[in-house]
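# Tertiary structure, described
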Amino acid sequence: RAGRCGRLGPGICVRLYEEQDFLARPAFTEPEIRRSNLAGVILQMASLGLGDIGDFPWVDDPDGRHIAEAWRVLQMLGAFDERNQLTARGRELARLPLDPRIARIALAGHGLAPNRKPAGKPGQETATVVANAGASLCADAVYVLAAALSVPDPHEVPPDAQDAARQKHAGWRHPRSDFLTLLNLWQRWRDWSAEHSNRQLRRICREHYVSFLRLEEWEAVYRQIRDLLGARGEAPRYRAEDLDGLYAPLHQALLTGLIDHIGQKLPEKKGEYQGPKGRRFRIHPGSALSRKAPDWIMSAQLAQTSQLFARTNAAIEPDWLEIAGAHLIKRTLLHPQWNAERGEVGATEHISLLGMPLATRARHYGSVYPQEARTIFIREALVAGHLQKKPAFLEHNLQLIADIKDKEARLRRPDLLADDASFEQWYDERLPQDICTSAGLKAWLRPGRTATSDTAPAALLTLQEADALRPGANADVSHLFPDHLEVGGVRIPLSYTHDPGTDQDGVTFHIPLAHVHTLPEDAFEWLVPGLRAAKIEALIRTLPQPLRRYCTPAAEYATAINARLEDAQGALLPRICEALKAMSGASITPEDFQLAKLDEHLIPNLQLENDRAEVLGRGASLQALRGRFAGAARKALNTAAAQDDELKRWSRSDLSDWSFDDLPESVSLAGGARAFPGLDVEGAQVNLRLFESEAAMAGAHRRGLRRLLLLRLADRTRDLNKSVRSKLALQAAAIGLDSAAVSEQLAERSADAVLLEDGPIRTRKDFQAALERRGAFSIDALQRLDDIANWLSQARALRASLKDLDARWPTSINDIRSQLDSLFAPGFVAAIPEPHWPRINTYLRGIKLRLERLSNKPARDEDQTRTLAPLLARLPDPFHAARWLLEEWRIALFAQELKATGGPSVAKIEALLTA
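Residues numbered from 1 in each chain as written. Predicted model: local features only at pLDDT ≥ 70, side-chain atom pairs only at ≥ 80, totals over all residues. Heavy atoms only, no water.

This paragraph deals with the pattern of salt bridges. Inspection of every chain in the model, using the stated rule, returns 42 salt bridges. In this structure, Arg874 engages Glu910 in a salt bridge whose closest nitrogen and oxygen atoms are separated by 3.9 Å. Of the two residues, Arg874 sits in the loop between helix 34 (858-873) and helix 35 (881-894) while Glu910 sits in helix 36 (residues 906-914), which places them 36 residues apart along the sequence. For Arg874, a relative accessible area of 39% gives the class partly exposed. You can call Glu910 partly exposed: its relative accessible area is 36%. Among the ionic contacts, a cluster of salt bridges with common partners joins Glu69, Arg72, Arg101, Asp260 and Lys277. (Salt bridge = Lys/Arg side-chain N within 4 Å of Asp/Glu carboxyl O. Helix = DSSP H or I, 4+ residues; strand = E, 2+ residues; numbered from the N terminus. Buried < 20%, exposed > 50% of the residue type's maximum accessible area, 1.4 Å probe, protein only.)

Spelled out as structure tokens, the structure:
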């Protein structure tokens, strides 16, 4: 064989054979070169400078697949680099006559051995000795396991004694690692060897079902490894608890040679593991880990039988793989994005080993890809402004951009602001290339820092309006789209939105709550100068065609009308009609315009806000807001008044007399708003309050005046109450009326008619004058009481006459009974309008006449009753305004001689019902 290889002498051939432990083999042919040893052959050939294995003149060439696998293993172990050049580690591995995997494990153990003397400083010597002792113990354990992996497993399980063998083996079995099981067996062997002869050892091995010859071979290989790696002294001895403390470094050393013999448990398949290169396997039943499978394992061997089984296993942590297989780790950064909280571009780092995902963690993207991170930093932190602590230049730049966007919304032309790409380029030209974090930017902006130019960094990054505009754009629109308007002496802030199709599109008027009832309604129809011509044109286009033809083209007419109406005073639609009349002669009324056809941005958006600028509501008219927020406006006025010494006098509670100054028509508030002082009834109290509008004050003030006057006339109201009880007690009880409520309503009615006959009282003098009419008040109340007593007496007589008539004329009788019940329903004393008070007797006489005639023409009465039924059914309450016209209609139907008033008809009644 040496003769056929022209480049090799006999000595080199012998060395090659010796290093691969082939001395006992008769020939050096490919079938005898096992795949596990082919990596060692390649390693030795490289170490001896024999060239590529494919060029060597083998008798039978090795299989190419086996060669490729051997190269993969050697590169995985770090023996060769990416260019298939032998590395320093490869030379160390070639020096050991072991399988390259086992040689790598042995070298890892050698790296754990201490190579320093104990420290001489006080207090450190003991700690160093302890650390050296642990390292020596761990290194020796690695040598033992490297030797164990080089020889056949010494455990024996005879078919006829399986249970006994497993019972004996359990004495040194470790629950988490079959490798520690081997170390426990090794310690047993050393203990046996120290105390027994060879003959006794053979017997002990038979009793414990282990092979004496394999144990001796294991020990011989162990001693050779120690000698090759220069270990000195007696081999250390250890206990099982020592091994538990060395679990992590020991298995990390094993991983250096078995890094591709790992697996992660598959959650979807019980007991199955996923290994590198898509390989799946199961733990061999003979392993200590088969019953309680860990999430990650390392195996010494993967054997294919009925399935692919992992033999000699141990539980490992995935973090160890990053240490042992650091040269095989692949790190991929995905999904880079700006992290404003951390002030840097973050990414998700995916860590994998031989195609197996190990972990994902957050990573600073700029540490790997600084230029890409800088681009993202400019786009997100500077252009978009997503920076937590913004420097002054960035605050200025963002405000400038916001102002230009606001002008775009006003003009409804989104073509003023430069695009984001332009801003990114602007920052890119000025920002140093090494800045991609907020910390870097802050350091660059720090005062006193050495600058590369005469311009300060902050000034260099400060935008001017010309920098932020598109070429040729003009952003001067303040005269057309102002920031605020003066309406009725009140400053109304404005904002603009360009969002077609939404309610917020167009101009928004921010109405202060305190001013909502004092501002003129017409002022907001005019919008702002920049939208006025567009609104006039849109209004012209809503006209019917016969009218629209008088003002064509609409755009030119709109421009001309806008010029004529420059003062923007009064209601918009009548002013447009006047202008069109003058320009075209067409007679157009405000009703001809179809406001519903206007676009949203041409309709005023009124936004009601409190003093904290919180939005309370929105609407297209002040009238709608006033109705919805009258109570809130009144509360805001009185809250403001309570904090103003000048206005406090118009806020008083629980009054019993006119103990305050004369009331002015209105008072002025801060900001130009007006409030209207007046009396108000809240429960049983009379209070002095400020009102949001004159209309709201007028109604409340009259009720407050009436209650305050009656409080001063308590003796008169007590007498009236006694009279009501004496005259109406029996009659009121018969129809379910409360005599106390009747007395109160009588007093209020007489107070309105007598005490307040001169109108609202706003001075102490007029209040005293009203009190002096107390005598007339009592007379009026007693007269009304007599009227009520007379009505109830007539009603009782009419109800008595209705008895036994239901069976004969049920429709008519039920209508009469219902008429009487509703006419004197609870609250009738206050509800009867003053013009109809004297007509109640007429309505009762009409019922009496109707009953007298019912027997003569019952069919006619029933027909007329049916005409009344639909109208009566539509009454929302007994004392609705239409009810009194219905009473007059009854007179016209059933008692014409009594002469109905008001010209009652079905059309008039329906008009009141629908009003």
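What follows picks up the thread again.
Geometrically, the link from Thr552 to Pro553 is a cis peptide bond, its omega value of 0° lying close to zero. The topology assignment puts Pro553 in the loop between helix 21 (545-548) and helix 22 (554-564). Positive phi values are uncommon outside glycine, yet His335 reaches one of about 55°. Relative to the helices and strands, His335 is located in strand 6 (residues 329-339). Given a relative accessible area of 58%, His335 falls into the exposed group. In this model, Asp654 sits at a positive phi of 55°, which is unusual for a non-glycine residue. Within the secondary structure, Asp654 sits in the loop between helix 25 (630-642) and strand 14 (667-668).

Attention now moves to the sheet that holds strand 8 (residues 356-364). With antiparallel pairing, the three strands of this open sheet are ordered in space as 6-7-8. Single-partner strands in this sheet number two, and they are strand 6 and strand 8. Strand-to-strand, the axes of this sheet are offset by a mean angle of 20°, without reference to chain direction. Bridge analysis of strand 7 (residues 344-353) against strand 8 gives eight bridges, and the strand direction is antiparallel. Counterpart to Gly346 in the pairing with strand 8 is His364. Contacts from helix 14 (residues 370-383) reach strand 6 and strand 7 within the one sheet, and its direction differs from that of strand 6 by about 20°. (Pairing = 2+ DSSP bridges. Axes fitted to C-alpha atoms, helices over the stretch in contact; angles between N-to-C directions. Contact = heavy atoms within 4.5 Å.)

Take the packing of aromatic side chains next. Under the criterion given, the structure shown has 17 aromatic pairs. Measuring from centroid to centroid gives 5.9 Å for Tyr273 and Phe281, while their planes differ by 10°, and the two rings are stacked. Exposure class is identical for Tyr273 and Phe281. Each is buried. Cluster of aromatic residues (ring-pair linked, three or more members): Trp186, Trp218 and Tyr222. Residue placement shows Arg176 over the ring face of Tyr247; its charged tip is 4.5 Å from the ring centre. It is Arg850 that lies over the ring of Phe894; its NZ or CZ is 3.7 Å from the centre. (Phe/Tyr/Trp six-rings, centres within 6.5 Å; stacked < 30°, edge-to-face > 60°. Lys NZ or Arg CZ within 6 Å of the ring centre and 35° of its normal.)

All right, on to the environment of Arg716 then. Note on placement: Arg716 falls in helix 27 (residues 714-734). Judged by its relative accessible area of 28%, Arg716 is partly exposed. A sequence separation of 231 residues divides Arg716 from Leu485, and the C-alpha atoms of the two residues are 56 Å apart. In this view, Arg716 contacts Arg774, Gly775, Phe777 and Ser778; residues no more than four positions away in its chain are not counted. At 3.2 Å, the side chain of Arg716 forms a polar contact with the side chain of Ser778. (Polar contact = N/O pair within 3.5 Å; in protein donor to acceptor, adjacent residues only side chain to side chain.)

Turning to helix 16 (residues 420-430), a few remarks are in order. Three or four residues apart is the spacing at which side chains of an α-helix point the same way, because the helix has 3.6 residues per turn. Residues of helix 16 that are buried: Phe423, Trp426 and Tyr427. For helix 16, the arc enclosing every buried residue in end-on projection is 90°, short of the 170-degree limit, so these residues lie on one face. Where helix 16 is buried, its residues contact helix 14, helix 15 (392-411), helix 18 (457-460) and helix 19 (465-468). (Arc of directions from axis to C-beta.)

This part covers the pairing of strand 16 (residues 685-691). Of all seven residues in strand 16, six are buried, a share of seventy percent or more. Looking at chain direction, strand 15 (residues 674-682) and strand 16 are connected through seven bridges and run antiparallel. Bridge pairing links Asp680 to Asn687 in strand 16. A loop of two residues connects strand 15 with strand 16, the two strands running antiparallel in sequence, and Gly683 in this loop sits at a positive phi of about 70°.

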